[in-house]
Each structure stands twice: as structure tokens, then as C-alpha cells.
Amino acid sequence: MGRKVTVAVCALNQWALDFEGNLQRILKSIEIAKRKGARYRLGPELEICGYGCWDHYYESDTLLHSLQVLAALLESPVTQDIICDVGLPVMHRNVRYNCRVIFLNRKILLIRPKMALANEGNYRELRWFTPWSRNRQTEEYFLPRMIQDVTKQETVPFGDAVLATWDTCIGSEICEELWTPHSPHVDMGLDGVEIFTNASGSHHVLRKAHARVDLVTMATTKNGGIYLLANQKGCDGDRLYYDGCALIAMNGRIFAQGAQFSLDDVEVLTATLDLEDVRSYRAEISSRNLAASKVSPYPRVKVDFALSCHEDLLEPPSEPVEWKYHSPAEEISLGPACWLWDFLRRSRQAGFFLPLSGGVDSAATACLVYSMCHQVCEAVKHGNQEVLADVRVIVDQLSYTPQDPRELCGRVLTTCYMASENSSQETCDRARELARQIGSHHIGLNIDPAVKAVMGIFSLVTGKRPLFAVHGGSSRENLALQNVQARLRMVVAYLFAQLSLWARGAHGGLLVLGSANVDESLLGYLTKYDCSSADINPIGGISKTDLKTFVQFCLERFQLPALQGILAAPATAELEPLTDGRVSQTDEGDMGMTYTELSVYGRLRKIAKAGPYSMFCKLVTMWRDVCSPRQVADGVRRFFSKYAANRHKMTTLTPAYHAESYGPDDNRFDLRPFLYRAGWPWQFRCIEDAVLQLESRGRQDLDGVD
């Protein structure tokens with residue numbers, strides 16, 4: 001009698017609305033799953049249309065083309081003799097649902113709509129979909145004619161049900177449902193479901209990989225069972241990177257771990273597991289069995305099929321594995337680099353243009369492109385034909401095979417140091433040396449003629465000549481003179497991105513890379529429409545602290561000694577005149593706070609949902625050993641005043657890789673007004689009252705001491 005089942009989960013690099021490419025990747029995953037002996041194949045959430053369609057979900061075209069792909073899958077000989085579980089949007093009685101369609105041999109077994117929709121952070125599923133709210137109930141779904149023609153079915157069950165095969169019982173939960181306080185797997189497990197499937201569209205956030213793994217292992221530790229988790233992987237058209245981590249678990253242990261980051265468009269994991277291990281594990285949990293005897297039953301869809309084979313005694317079962325996590329520095333070196341690769345190949349551009357200032361941020365961005373080149377060379381070395389085909393298109397050479405990351409970097413990355421009279425020789429040398437070590441095509445130029453020309457126009461029109469503060473100018477003049485340099489660098493960057501390859505006799509244009517980190521963006525410590533304005537920004541969701549750790553990692557991992565001097569130098573914008581040829585301006589001096597403090601303010605503002613008063617209340621205890629209440633209050637007021645004055649800059653922020661849970665991205669993640677009453681009179685008065693109260697109490701305590 002068969003009792004061992006072989007199941008497959010996938011991580012697919014799907015692309016929103018790329019129905020042709022998405023279909024081919026799904027078919028390839030099913031083919032691989034069958035080749036590995038699997039009888040059940042689970043794919044990512046909404047894999048047919050791609051998860052990130054956003055407002056395209058409103059369009060009837062998205063529903064139509066998704067059904068057309070489903071029909072193609074049903075008809076394909078590749079999908080025969082394996083239960084296929086695919087994701088797509090489905091309209092039922094004029095309501096759109098995020099669904100799993102489970103089919104076998106040209107017959108749809110069940111359409112399972114999502115019951116708990118993700119609607120926080122970057123997720124907006126309630127905007128497009130309605131959750132299915134009828135627990136343990138199904139309705140008849142009338143199939144569209146194009147599907148009826150293939151399946152010869154008129155209706156199929158639609159709703160909250162489970163599948164009963166000859167040898168086991170299978171239940172679905174979709175992404176967010178695993179994260180809810182009472183996940184479906186709890187009651188499904190009590191009702192005898194032995195295999196749980198979870199199709200996810202879950203994106204990368206630094207230091208969060210363990211959360212998914214912990215939830216899955218805890219679910220199967222308490223309830224027993226086999227848990228399959230599939231996820232999307234890659235950039236499907238916006239700021240998010242879906243980070244794979246497909247897995248198969250049983251009874252609290254991991255049996256298969258997928259890559260979190262890779263350039264493989266299709267990854268399929270399989271495991272062979274013994275159903276009797278689930279049954280014996282559950283047998284001795286008496287509290288579970290008592291609860292199971294009282295649970296309401298799920299509707300069961302009978303399936304004339306077995307996941308196991310009759311003769312499986314000699315089939316070796318899979319062994320448990322220890323989950324391997326990346327360090328945060330490794331996550332940064334891999335995630336944004338994979339995102340850059342997807343963006344480069346899918347935008348059909350010829351490479352990147354990066355203004356390289358000699359500071360940590362632009363150096364980190366350069367290192368990410370270099371890391372991308374490393375991953376491309378490794379993928380080609382291991383036989384990845386898709387990567388090889390893509391890189392040949394990018395470099396416009398059909399016989400090219402990349403082998404050396406430095407050589408590839410010279411083809412796809414142009415770096416540029418844009419000097420002015422306020423630039424130091426040290427930053428120029430650091431930028432040039434880093435470019436040499438990573439192999440980028442490096443340009444050095446001076447923007448002073450452009451600055452003088454623009455300021456000449458202003459003087460000609462107004463008869464006035466603004467001065468820097470060190471030469472007696474006002475703060476308005478000083479800031480304007482800094483901003484004109486910064487903005488001209490953006491203009492020069494785009495000119496060279498469009499025409500530098502033309503000047504070198506090569507085809508194509510370059511994507512401009514930005515290098516503003518999450519902390520600078522949060523405070524608005526950047527010039528609107530300067531070099532922070534670019535096509536994409538791979539470090540815009542990463543803190544200064546993490547970037548320094550990442551650069552140190554690259555120094556050792558890629559043997560780039562130029563990074564040593566970059567890390568040791570103080571962060572500076574170099575927009576004000578030098579003092580005796582040396583930099584006198586520093587970022588932290590300009591901001592009035594350290595990057596470490598800024599990171600704390602950012603986390604409290606976004607993650608702890610703290611306004612000015614709540615932030616003061618938290619910090620007055622957090623920082624009690626290093627700051628007086630008055631100093632804490634001054635710091636909080638300084639942060640919120642600058643944040644409010646500069647929030648308008650977030651509306652034009654370059655699309656950045658989402659990596660931090662306190663990012664200020666105004667597009668979708670951090671929705672706030674951009675016109676504030678910058679003085680925060682009511683809130684700051686509450687803080688002042690609290691400070692006076694604490695200071696008064698402190699004086700009374702001192703008076704009581706003899």
C-alpha cells in the first residue's frame with residue numbers, strides 16, 4: 001500500500017502582465033516537477049498574471065488573458081497526470097477574487113478564493129479583491145465557455161473546501177492566511193487535512209526571512225502535517241523584490257529549502273515524505289485529538305487520484321535540513337543586485353550610469369552592480385541559458401560569454417566623478433580607484449563651467465550675485481548655490497546616460513542609478529531633482545548603518561581595498577567651499593543629528609507609529625543614560641521640523657528597492673501629507689509641558705537630598 005508522497009513547490013520569476021512569459025515559466029516548472037516524480041505541483045500567488053498588476057486587476061483584459069492562459073495550461077500535455085495548483089484572479093457573480101485553481105487531467109477540481117487579504121505596508125489587495133467570507137462553504141461556479149470547451153464541465157465548486165484523494169487530504173491557504181491569528185490550517189488540520197499548501201506573493205525585507213520559516217514550522221509543530229510554501233521570486237515591475245524561500249516542511253522540520261535570491265527564473269523543490277509520519281506524530285498529541293473530535297467538517301472534493309504509488313517501499317524519503325539564513329550584508333549584496341538584473345534585462349537597456357562621488361552611498365551602489373556581475377558570471381558558469389541569452393542582448397554581442405565580473409562590469413557600468421571647485425582631491429581619487437578595481441568604464445569631468453553659466457544667467461537678469469555663507473552670504477544664498485551644483489549633476493548624468501554609448505560607437509542607452517539612502521530620504525537631506533533623481537535606486541530602502549556594513553562585506557568578499565578609504569572618510573556632500581583645500585562640510589553636521597539617531601527616529605515614526613509626543617515619551621526612557629529630557633525634546637523637535645519641511649521631496653523620490661520597514665516611500669508604502677504645519681505647535685507644546693514637569697521633579701529630588 002502506498003504511503004509516501006512526492007510533492008513540488010516552485011519559486012517563479014513572474015512579470016506583471018507578461019502572460020506569454022508567465023505561461024512558459026509555469027509549464028517549465030510543471031515539467032520539472034513531473035520529472036522529479038512529483039504528483040502535486042504548487043505555484044506562487046497570482047502566478048498567471050503576475051502578482052504586481054495593481055490597478056490592472058480592475059481591467060477585464062487581465063481576467064480574460066488569465067483565463068486564456070488557464071485554458072492553455074489545461075490543454076497542455078505537460079499538465080497531465082499531476083495535480084496542478086495555479087493562481088489567477090477570478091470573477092464570480094461580478095465580484096473579483098484572488099484564487100487558486102486546482103486541476104487534474106483537464107478537469108478543474110476546485111477554485112479556492114483567498115479569505116484573508118493582505119492590506120498593510122506595500123499590500124493593497126482589498127483595493128482590487130474581496131475576501132471569501134463563507135467558511136467551509138462552496139457555491140457552483142459557472143465556467144466561461146473557453147474553459148468549458150476544454151474541461152467539458154459546466155460548473156465547478158468555488159469556495160472553502162479541501163481535496164480528498166485516494167490516499168490523503170489536501171487543504172489550501174493563500175499567503176496572508178498563514179499570518180492571521182486563526183489560520184485556516186488550524187481547523188483544516190483538526191479536520192484531517194494532512195497536506196497544507198500556501199501560494200505566496202511575499203517580498204523581501206531585511207532580517208525577515210525567519211518570520212515565514214518560523215510560522216510554517218510552528219504550524220506543523222502544533223498540528224502535525226506537511227506544509228508546502230511557494231513564492232514569487234524577482235522584480236515583477238516595481239519597487240519590490242519577491243524573495244523566493246520556497247519550502248517543504250513536516251511536523252515542525254524543514255525538508256526542502258529554496259533560494260532566497262537567484263537569477264534562475266524557475267526553481268522547483270521536491271520532497272518525498274511518508275504520510276504515516278504525520279499520522280503517528282498526531283496520534284500522541286491528545287489535546288489536538290480532543291479538539292479534532294469537535295471541529296466542524298470541511299466540504300470535501302473527491303479526487304480519483306493518489307499522490308503515492310503502490311510500490312514505494314524502496315523509495316527513500318527526504319531527510320530534514322537546517323535552514324540557512326543570510327546575514328544582512330549578504331542579503332543586501334544579493335537582493336538589490338538581482339533586482340537590478342531584472343530591471344536591466346526587462347527594460348532592454350544597455351547598462352547603468354552611476355554618478356560616483358567617492359562616498360559610501362554611491363560606492364555601495366557601484367558594489368551592487370559589481371555583485372550583479374558576479375551573479376551573472378556564476379549563473380552562466382552553471383549553465384543558465386536564459387541569463388546567457390539576456391546578457392548577450394544587453395551587450396549587443398551574440399557570441400559573448402561573460403567569465404570575469406570586472407570585464408562584464410566594464411561593459412554594463414559607466415561611472416562618473418563630477419567635480420566642482422568644492423570637490424576635494426581625496427574623493428576624486430577614491431572614486432577613480434574604486435572604478436578601477438571593479439572594472440567600470442570611468443569618466444572624470446568638471447561641472448564648474450555649467451555652474452558659472454547658470455549663475456551668470458541669474459546675475460544677468462537680477463543684477464545680483466549670491467555668495468556662500470563663508471564669503472558673507474545669507475543661508476538662502478548658501479543653499480541655492482549648493483542646489484544649483486547638485487541639480488546640474490542630474491542634468492549631466494542624464495545627458496551622458498543617453499549619449500555616452502553613442503560617443504563610444506556602441507548601441508543603446510543607460511539607466512541612471514540613484515544613491516540616496518533611506519535615512520537621508522526620511523529627513524529630506526537631499527536636493528530635489530539632484531543626483532538622487534534617477535531611473536532607479538537600489539539602496540533607497542537601506543539605512544546608512546547597514547550600507548556601511550555592506551561595504552565592509554564587499555571589501556572582504558570581493559577584495560576591493562579602495563573601499564577602506566571610503567569607509568574611513570566622513571560623509572560629505574562637498575557643495576560648500578573647501579577650507580585650506582580640505583572638506584569642512586559633513587552630512588551629520590548639516591543634519592544636526594547622527595545617522596544612528598536618525599535611524600531610531602525613523603523606526604519610531606513608521607514602525608512604532610509614533611508622532612512627536614509619543615516619540616519623546618519613548619526616547620526619554622530609551623536615551624535616559626545619555627540625554628536629559630530637554631536634549632531629547634530638542635532632538636525630536638529638530639527631527640520633526642526638518643521632516644515636515646522636506647516631506648514634499650518624497651513625492652518625487654526615485655523608485656527604490658524596498659528593504660526597510662521604516663522606508664518613507666510616498667508612492668505606496670508610507671502614505672502621508674506633504675504639506676505640514678512645520679511648527680507642530682500643539683504637539684511640541686505637549687512635549688514642552690512634559691519636559692518642564694520632568695525638570696521640576698528633578699529639582700525637587702535634588703532639594704530633598706541633604
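Keep in mind that this is a model prediction, so the values were computed, not measured. (Residues numbered from 1 in each chain as written. Predicted model: local features only at pLDDT ≥ 70, side-chain atom pairs only at ≥ 80, totals over all residues. Heavy atoms only, no water.)

Topic: the pattern of salt bridges
Under the defined criterion, the tally for this structure stands at 39 salt bridges. The closest approach of N and O atoms between Lys-114 and Glu-125, which form a salt bridge, is 2.8 Å. One end of the pair, Lys-114, is in the loop between strand S5 (107-113) and helix H3 (125-128); the other, Glu-125, is in helix H3, with 11 residues separating them in the sequence. Each member of the pair, Lys-114 as well as Glu-125, carries the same accessibility label: buried. Arg-345 is paired through a salt bridge with Asp-265; the nearest N and O atoms lie 2.9 Å apart. Of this pair, Arg-345 sits in helix H9 (residues 328-347) while Asp-265 is found in the loop between strand S14 (253-257) and strand S15 (266-274), placing the two residues 80 residues apart along the sequence. Here Arg-345 matches Asp-265 in class, with each residue buried. Among the charged side chains, a network of salt bridges with common partners joins Arg-605, Lys-606, Arg-647, Asp-670 and Arg-672. (Salt bridge = Lys/Arg side-chain N within 4 Å of Asp/Glu carboxyl O. Helix = DSSP H or I, 4+ residues; strand = E, 2+ residues; numbered from the N terminus. Buried < 20%, exposed > 50% of the residue type's maximum accessible area, 1.4 Å probe, protein only.)

Description of the domain arrangement of the protein chain
Along its sequence, the protein chain is carved into domain 1 (4-323), domain 2 (329-446 + 491-590) and domain 3 (592-705). Centre-to-centre, using C-alpha coordinates, domain 2 lies 32 Å away from domain 3. Opposite the 32 residues of domain 2 that make contact, domain 3 presents 26 residues. In this assembly, domain 2 packs against domain 3 so that about 2,500 Å² is buried in total across both faces, 62% of it on carbon and sulfur atoms. Looking at the side of domain 2 facing domain 3, the largest losses of area belong to Leu-522, Leu-523 and Glu-588, adding up to 30% of the total buried there. (Domains from an automatic or database assignment. Contact = heavy atoms within 4.5 Å. Buried area = accessible area lost by both parts, 1.4 Å probe.)

With respect to the sheet that holds strand S20 (residues 511-512)
Taken in spatial order, the four strands make up an open sheet running S19-S18-S17-S20, and their pairing is parallel. Strands at the two margins of the open sheet, each flanked by one partner only, are strand S19 (441-446) and S20. As judged from the two bridges shared by strand S17 (residues 352-355) and S20, these two strands associate in the parallel manner. Within S20, the position partnered with Phe-353 by the bridge is Val-512. Packed onto the sheet, helix H13 (residues 425-438) meets strand S18 (413-419) and S19 and runs at close to 170 degrees relative to S18. (Pairing = 2+ DSSP bridges. Axes fitted to C-alpha atoms, helices over the stretch in contact; angles between N-to-C directions.)

A few points about the environment of Phe-458
Structurally, the position occupied by Phe-458 is in helix H14 (residues 448-462). Sequence separation of Phe-458 and Val-301 is 157 residues, and the distance between their C-alpha atoms is 76 Å. Discounting residues that sit within four places of it in the chain, Phe-458 has contacts with Gly-463, Lys-464 and Pro-466.

Some words on the packing of helix H20 (residues 595-606) against helix H22 (residues 629-646)
Running from N to C, H20 and H22 point in directions that differ by 70 degrees, and their axes come no closer than 11 Å. Between H20 and H22, the interaxial angle falls into the category roughly perpendicular. Contact residues: Leu-598, Tyr-601 and Arg-605 in H20; Gly-635, Val-636, Phe-639 and Tyr-643 in H22. In terms of residue class, the contact of H20 with H22 is built from five nonpolar, one polar and one charged. (Parallel < 35°, antiparallel > 145°, perpendicular 65-115°, else oblique. Nonpolar A, V, L, I, M, F, W, Y, C, P; charged D, E, K, R; others polar.)

A short note on the nonpolar core
Membership of the largest hydrophobic core comes to 66 residues, with the highest contact counts inside it found for Leu-340, Phe-352, Met-372, Leu-434, Phe-550 and Leu-563. Among the elements that make up this core, the one with the highest residue count is helix H10 (residues 360-381) (14 residues). When near neighbours in sequence (up to four residues on either side) are disregarded, Leu-340 contacts Phe-352, Leu-368, Val-369, Met-372, Leu-513, Ile-536 and Pro-538. The next biggest cluster of nonpolar side chains, apart from the first, holds 54 residues, and it includes Cys-10, Ala-38, Leu-73 and Tyr-97. (Core = buried A, V, L, I, M, F, W, Y, C linked by side-chain atoms within 4.5 Å.)

Remarks on unusual backbone geometry
Even without being glycine, Lys-152 reaches a positive phi, approximately 60 degrees. Position of Lys-152 relative to the elements: it lies in the loop between helix H4 (145-151) and strand S7 (155-159). Of note, Lys-609 is a non-glycine position whose phi angle comes to about 55 degrees, a positive value. Tracing the sequence through the fold places Lys-609 in the loop between H20 and helix H21 (612-622).

Some words on helix H7 (residues 275-283)
Along H7, the residues that are buried comprise Leu-275, Val-278 and Arg-282. Around the axis of H7, the buried residues are gathered within 60 degrees of arc, so they sit on the same side. If you check the start of H7, you find a side-chain oxygen 2.9 Å away from the backbone N of Glu-276, and it comes from Asp-274. (Arc of directions from axis to C-beta. Polar contact = N/O pair within 3.5 Å; in protein donor to acceptor, adjacent residues only side chain to side chain.)

Focus: the packing of aromatic side chains
What the rule picks out here adds up to 26 aromatic pairs. For the pair Tyr-97 and Trp-132, a centre-to-centre distance of 5.8 Å together with 70 degrees between the ring planes defines the contact as edge-to-face. You can see Tyr-97 sitting in strand S4 (residues 95-104) and its partner Trp-132 sitting in the loop between H3 and strand S6 (138-142), a full 35 residues away along the chain. Between Tyr-601 and Trp-623, the aromatic rings sit 5.7 Å apart at their centres with planes inclined by 65 degrees, giving edge-to-face as the arrangement. Of the two residues, Tyr-601 is situated in helix H20 and Trp-623 in the loop between H21 and H22; the sequence distance between them amounts to 22 residues. Like Trp-623, Tyr-601 is buried. Put simply, the rings of Tyr-51, Trp-54, Tyr-57, Tyr-123, Trp-128, Phe-129 and Tyr-242 touch in pairs and so form one group of aromatic residues. Taking the ring centre of Phe-669 as reference, the NZ or CZ of Lys-606 above it sits at 4.4 Å. Directly above the ring of Trp-682 sits Arg-685, whose terminal nitrogen or CZ lies 5.0 Å from the centroid. (Phe/Tyr/Trp six-rings, centres within 6.5 Å; stacked < 30°, edge-to-face > 60°. Lys NZ or Arg CZ within 6 Å of the ring centre and 35° of its normal.)

Here we look at the side chain of Arg-346
With respect to the element layout, Arg-346 can be found in helix H9. Asp-342 provides the closest opposite charge to the buried, unpaired Arg-346, separated from it by 4.5 Å. A distance of 3.0 Å separates the side chain of Arg-346 from the backbone oxygen of Asn-13, its partner in a polar contact. Every residue in contact with Arg-346, bar those within four places of it in the chain, is listed here: Asn-13, Gln-14, Trp-15, Arg-25, Cys-235 and Asp-236. (Lys, Arg positive; Asp, Glu negative; His and termini not counted.)

A word on the packing of H10 against helix H11 (residues 385-395)
Relative orientation of the contacting elements H10 and H11 amounts to 130 degrees, with a least axis distance of 8 Å. One finds that H10 runs oblique with respect to H11. The handedness of the crossing between H10 and H11 comes out as left-handed. Along the contact surface, H10 presents Val-376, Ala-379 and Val-380, while H11 presents Val-387, Leu-388 and Val-391. Considered class by class, the residues forming the contact of H10 with H11 number six nonpolar, no polar and no charged. (Left-handed = near helix turned anticlockwise from the far one by under 90°.)

Some thoughts on the side chain of Ser-202
Here Ser-202 is to be found in the loop between strand S10 (195-200) and helix H6 (209-223). If sequence neighbours within four positions are ignored, Ser-202 has contacts with Tyr-123, Arg-212, Asn-231, Tyr-242 and Asp-243.

Structural notes on H22
The end-to-end C-alpha separation of H22 is 26 Å, in line with the 26 Å expected for 18 residues at 1.5 Å each. All of the buried residues along H22 are Val-632, Ala-633, Gly-635, Val-636, Arg-637, Phe-639, Phe-640, Tyr-643, Ala-644 and Asn-646. (Expected span 1.5 Å × (residues − 1).)

Things to note about the pairing of S17
Within a regular beta strand, the side chains point alternately toward one face of the sheet and then the other, so they alternate between its two faces. The alternating pattern of S17 places Phe-352 and Leu-354 on one face and Phe-353 and Pro-355 on the opposite face, and all of these are buried. Relative to S18, S17 runs parallel, the two sharing four bridges. Of the residues in S18, the one forming a bridge with Pro-355 is Cys-416.

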